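Remarks on the overall topology
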Amino acid sequence: MLRKDLIQSVLKRALITGGDFAEIFVEDTVTGAVAMIDGKVDSLNSGRSFGVGIRIFKGLKSVYAYTNDASETSLLETAQKAATVLGELKEDLDINLTLTERIHTNVHPILTVPSSVSSTKKVEMLRRLHHAAKNESSEIAQVVARMLDIDQKIMIANTNGLLTEDRRIRTRVVGQAIASSATENQVGFEAPGRHMGFELFDKVVDVEALGKEAARTAITMLHANPCPAGNMPVAIENGFGGVIFHEACGHSLEATSVAKGTSEFTGMIGQQIASPVVTAIDDGTIPNGWGSQNIDDEGNVTRKNVLIEKGILKGYLIDTLNGKRMGMEATGSARRESYKYAPTSRMTNTYIANGEHRNDEIIASMANGLYAKKLGGGSVNPATGEFNFTVLEGYLVKDGKITEPVRGASLIGKGSEVLKKIDMVGQNLEHGTGMCGSSSGSIPAHVGQPLVRVSEMIVGGK
């Protein structure tokens, strides 16, 4: 992507004001997107993004600059401008730098690059999704179908001598069905994705089944009664139910907040922060996982990080700069949306691990409560961990059995408190697909869990 001698020159220029570390990140990304509304193609886009980011450390200070002009003159000027932010030029510096290329193992094989698939075939698949959803019921008023793919090639080099490359291909499909009556609308939504090529549709996703499931959810909720409000036990189903842990707890375990002391979990390694039945993991190595990658955006090999084990806080997600601030090593967790962002500690595939309880035991244990089968969007106060998530599909539980569907429910609480109230963990771990937004942009991330029971939770309703 860039000549080795040019990279060496740019890195040396980045240190001309006495910086102690410099890094160059090169990105060449191709994207594709098709959107269909009510069976008609609404948009069909493709794009390419190329750019170079340069980051310099001097002690605990850092500066980041980027350009999409990869000429030698532009890169040297960008490096020098960034370096001068950190100090005065030091003309007598003698910088020796040897880059050693490292080839990593690719654990995310790709069979069919999405950009090699015709738009006609992509549109045909979305049309099948549309018809499957539409044919479920005359109450389905609208179907929105989208297909997204990204092919990101990166090169990373730094003054520690690292030179490495990676290629990340991700594919995702979204189906949204809206069921309508004379008085209201209800939405069903499915959006699976993987670090995978177009073979996603041969191995993982049946687009017709996806369309039917989105329609089923919308129709079920259209005929549901309002959910009663109050404190009650809540059973949260697997997959995207893990979004509560991700948003209300996971972000507080990222060094981005821990190093600044703004996380409620700062300085608590070794302490009991969750129920003994809770083990939480961030694993960027899951083959073809939506949030997986071979290396992070600093070039470190990704790994499986145990965050909480049997309720005890075991570790954080750490990038290089915040690791220096904390006196701890990086954990392969540095991520960024693109070359326009400096990397920082982020989650990959974060989940609560399987527990010891059978799922039927969990439901049978509840005299009166709520079964949250699917969660929707929500909001979180990152400083306090207080959250509010909508329940996309919910049911009342009475006398140990799932009974009638209810709509309009929301789950309200505080992450650190909910962690201590999870008293039963099932055995059906699944992952849900999402996009995570934070200081280094929007990145793909899986959330996950098996069925879990929270002994008491505030349920918003009517």
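Higher on the page you've got the structure.
Residues numbered from 1 in each chain as written. Predicted model: local features only at pLDDT ≥ 70, side-chain atom pairs only at ≥ 80, totals over all residues. Heavy atoms only, no water.

**What about the pattern of salt bridges?**
What the rule picks out here adds up to 23 salt bridges. Linking R358 and E361 is a salt bridge whose minimum nitrogen-to-oxygen distance equals 3.6 Å. The exposure class of E361 is partly exposed, given its relative accessible area of 30%. The salt bridge partner of E393 is K374, with a shortest N-O separation of 3.8 Å. Of the two residues, E393 is situated in strand β18 (residues 386–398) and K374 in strand β17 (residues 368–381); the sequence distance between them amounts to 19 residues. Its relative accessible area of 15% is what places K374 among the buried residues. Connected via shared salt-bridge partners are E190, E213, R216, K374 and E393. (Salt bridge = Lys/Arg side-chain N within 4 Å of Asp/Glu carboxyl O. Buried < 20%, exposed > 50% of the residue type's maximum accessible area, 1.4 Å probe, protein only. Helix = DSSP H or I, 4+ residues; strand = E, 2+ residues; numbered from the N terminus.)

**Quick notes on empty space enclosed by the protein**
Evaluation of the coordinates by the stated rule reveals one cavity of 30 Å³ or more. Estimates place the volume of the largest cavity at around 100 Å³. Lining the largest cavity we find 14 residues, and of these I244, F245, I352, V418 and I422 sit closest to its centre. Among the secondary structure elements, those contributing two or more residues to the lining of the largest cavity are α6 (243–248), α10 (415–421) and β24 (452–460). Split into classes, the residues belonging to the lining of the largest cavity amount to eleven nonpolar, three polar and no charged. (1 Å grid on protein atoms, 1.4 Å probe; cavity = no way out; pocket = protein on both sides within 12 Å on 5 of 7 lines; lining within 4 Å. Points joined across faces, edges and corners; volume = space filled by probe spheres on them. Nonpolar A, V, L, I, M, F, W, Y, C, P; charged D, E, K, R; others polar.)

**Description of the layout of surface pockets**
Which parts of space are left empty comes out when a probe the size of a water molecule is rolled across the atoms. Size it by volume and the largest pocket reaches roughly 1,000 Å³. Around the largest pocket, the lining is made up of 41 residues, and of these E190, A191, F240, G432 and T433 lie nearest the centre. Contributions of two or more residues to the lining of the largest pocket are made by β7 (185–190), α5 (207–222), α6, β17, β18, β22 (430–438) and β23 (441–449). No other element matches β22, which puts eight residues into the lining of the largest pocket. Looking at the lining of the largest pocket, its residues break down into 16 nonpolar, 15 polar and ten charged. Roughly 590 Å³ of internal volume is contained in the second largest pocket. Lining of the second largest pocket is provided by 26 residues; of these, T31, I150, E337, M435 and S442 occupy positions nearest its centre. Those elements that place two or more of their residues in the lining of the second largest pocket are β1 (21–37), β5 (140–158), β6 (162–180) and β23.

Taken by themselves, the reported measurements are silent on function.
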